[in-house]
Amino acid sequence: MAQNKQPETAEELKKMEEMNEIELIIGKVLRIGVLISAAVILVGVLLVVFTGKTGYAANFYPTTVKAILSGIVALKPFAILMLGLFLLILTPVLRVVVSIYAFVKERDHLYVWITTFVLVILLIGMWIGYIGK
Amino acid sequence: MINTILLLIIVGLGAGIFGAIFGIGGGMIVTPVLTLLMGLDIKYAIGASIISVIATSSGATVAYLKDDMLNLRVAMFLEIATTIGAIAGAVLTGVLPSAVLYVLFGVLLLFSAWNMYRKMRAGKEKTEAIQADSLSTKLKLNGSYYDNAIDKKIDYQVSNVPGGFTMMLGAGLASGLLGIGSGAFKVIAMDTIMKMPLKPSSATSNLMMGVTAAASATVYFFNGSIRPEIAAPLAIGILVGALIGSRIMKHLRARVLRMIFIPILFYIGLQMFLKGFGVTI
């Protein structure tokens, strides 16, 4: 731990700057992801409010990728809402992906593996969700 | 439907502000409001709530990243535990009856209220000198942050990594099961078990919530528990609320906030618990 007491050494300073850079990249990616998903959700909400229609029968909303995609092509408000919600769910996943890249750049092999492992768990979760219907 | 949508945006705003301030992801506020006040089935409330958790986390993270308060390595390492727990929890929710979910949710809120009270009684936030264990050094978990309130950079060590990791498995399970951010459990794991200071603990917890929630949210998304007309307006309100909340948080003292929040949390917890047994107060 002794070397941690002196962050002024060139190596420590470089590490800190790199970490700072990583956090900035992640912040920017998150912000873009959040803004895109928020914009899509907002468009969907406005469509529902102003047209008064959901695009589907009462109490129905699309939950499969296929149904959502064909609903978007037909500009159905609920399909657009579901797309926006799905993009929002993907934002933290995207953060994990960017973190892997950032740790690779920093040559922190241990955290490349740890972060990749988290991503694999997330993908398994999606798979379980899909087959669990 | 338009009135409901506007109401949900306002609920979202409130949940976002409180969620960011307390590091509880908004889920603890959203589910009681949707079930107790709006009469929604708890399974759909949990689905909308998990979306709220992601929105709170993503909205707040943008602000925290600039503050350098979070510890990215601690977050990544412990997310292994929370995501595994979250997937198990989401699968369980599909199987358990609603009454059980109400009781569990009530117990969770009562516990959170008690936990906040206990911490308040413990007095001022103190920065103890902690001996880092060999595991936390090996995993490079020790860090530092800049405290605005006292205008000083604080270095800290992390201890008891296995204990924190185990607690995070439970936090993930609760998150997936009840659609909450599990912020209280995550903060306990970091601040009480691993001895991290409160501010980086709650910033890191906020960051972890999004990834944890994403793990169970896909399960809810594909099995139809996420209803767009409920989850979407909530998400919009929460995104904006979380941004406001995380700005306010920097200028507030945790103690005053907790004092206001504890009795509210206790009362809602009691209501949820009793609803599981069919009693309304």
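As the structure is a prediction and not an experimental result, all values here were calculated from the model. (Residues numbered from 1 in each chain as written. Chains lettered and ligands numbered in written order. Predicted model: local features only at pLDDT ≥ 70, side-chain atom pairs only at ≥ 80, totals over all residues.)

Chemist: Is there a simple way to explain the overall build of chain B in this structure?
Modeler: Looking only at helices and strands, one finds 11 helices and two strands in chain B. Reading chain B from its N terminus to its C terminus gives the helix and strand order α-α-α-α-α-α-β-β-α-α-α-α-α. A compact globule built from 281 residues would reach a C-alpha radius of gyration of about 19 Å, and chain B, at 18 Å, matches this within 12%. Dimensions along the principal axes, computed over C-alpha positions, put chain B at roughly 50 × 35 × 30 Å. In chain B, which comprises 281 residues, the proportion classed as buried is 58%. Taking all contacts inside chain B whose residues are at least 6 apart in sequence as the whole, residues at least 24 apart take part in 82%. (Helix = DSSP H or I, 4+ residues; strand = E, 2+ residues; numbered from the N terminus. Rg over C-alpha atoms; globule rule 2.2 N^0.38 Å. Buried ≥ 20, exposed ≤ 12 C-beta atoms within 10 Å, placed from the backbone. Contact = placed C-beta atoms within 7 Å.)

Chemist: Before we go on, may I ask you to explain the UniProt feature "transmembrane region" (unreviewed entry) in chain B in this structure?
Modeler: All names here are of chain B. Residues annotated by UniProt as "transmembrane region" (unreviewed entry) correspond here to residues 7–30, 42–65, 72–93, 99–117, 230–249 and 256–274. Structurally, residues 99–117 comprises 100% helix and 0% strand, and the distance from its first C-alpha atom to its last is 27 Å. The span residues 230–249 carries 100% helix and 0% strand; its end-to-end C-alpha distance comes to 27 Å. (UniProt positions renumbered as here; feature names shortened; annotations may be inferred.)

Chemist: Even after reading the chapter, I still don't get the pairing of strand S1 (residues 143–147) of chain B, so can you show me in this structure?
Modeler: Looking down a regular strand, the side chains alternate between one sheet face and the other. All names here are of chain B. Of the strand pairs in this sheet, S1 and strand S2 (residues 152–156) are connected by five bridges, and their pairing is antiparallel. Counted as the bridge partner of serine 144 is aspartate 155 from S2. Joining the antiparallel neighbours S1 and S2 is a turn of four residues, in which aspartate 151 adopts a positive phi near 60 degrees. (Pairing = 2+ DSSP bridges.)

Chemist: I tried to follow the interface of chain A and chain B on my own but got confused; where do I start?
Modeler: Think of interface size as the accessible area that goes away when the parts come together; that is how it is often given. Counting residues at the interface gives 46 residues for chain A, matched by 45 residues for chain B. Of all elements in the fold, only helix H1 (10–51), helix H3 (77–105) and helix H4 (109–131) of chain A reach the threshold of two or more residues within the side of chain A that touches chain B. Looking at the side of chain A that touches chain B, its residues break down into 31 nonpolar, 11 polar and four charged. (Nonpolar A, V, L, I, M, F, W, Y, C, P; charged D, E, K, R; others polar.)

Chemist: Just checking my understanding: could you explain H4 of chain A for this structure?
Modeler: Every α-helix winds through 3.6 residues per turn, so residues three or four apart in the chain are directed the same way. Here H4 of chain A spans 33 Å end to end across 23 residues, near enough to the 33 Å set by a 1.5 Å rise per residue. Within H4 of chain A the residues assigned to the buried category are Tyr111, Ile114, Thr115, Val118, Ile121, Leu122, Gly125, Met126 and Gly129 of chain A. Looking at the buried residues of H4 of chain A, the elements they touch are H3 of chain A together with helix H4 (72–95) and helix H9 (198–222) of chain B. (Expected span 1.5 Å × (residues − 1).)

Chemist: Even after reading the chapter, I still don't get unusual backbone geometry, so can you show me in this structure?
Modeler: Outside of glycine, negative phi angles account for most residues, and trans bonds account for most peptide bonds. Unusually for a residue other than glycine, arginine 107 of chain A sits at a positive phi of about 55 degrees. Along the chain, the position of arginine 107 of chain A falls in the loop between H3 and H4. Note on arginine 107 of chain A: 9 C-beta atoms within 10 Å, which makes it exposed. Positive phi, normally seen in glycine, also occurs at lysine 195 of chain B, with a value near 65 degrees. In this structure, lysine 195 of chain B sits in the loop between helix H8 (183–193) and H9. Using a count of 21 C-beta atoms within 10 Å as the deciding quantity, one classes lysine 195 of chain B as buried.

Chemist: For this particular structure, what's the right way to read the UniProt feature "transmembrane region" (unreviewed entry) in chain A?
Modeler: Sequence positions flagged by UniProt for "transmembrane region" (unreviewed entry) are, in local numbering, residues 29–50 and 110–131 of chain A. Annotated as 100% helix and 0% strand, the span residues 29–50 of chain A places its first and last C-alpha atoms 31 Å apart.

Chemist: Would you mind going over the nonpolar core with me for this structure?
Modeler: Nonpolar side chains tend to gather and get buried jointly when the protein is soluble and globular. Leu85 of chain A together with Ile51, Ile54, Leu234 and Ala235 of chain B are the most contacted members of the largest nonpolar core, which has 121 residues in total. Ranked by residue count, the leading element in this core is H3 of chain A, at 14 residues. Among residues more than four places away in sequence, those in contact with leucine 85 of chain A are Ile41 of chain A together with Ile51, Ile226, Pro228, Ala231, Ala232 and Ala235 of chain B. (Core = buried A, V, L, I, M, F, W, Y, C linked by C-beta atoms within 7 Å.)

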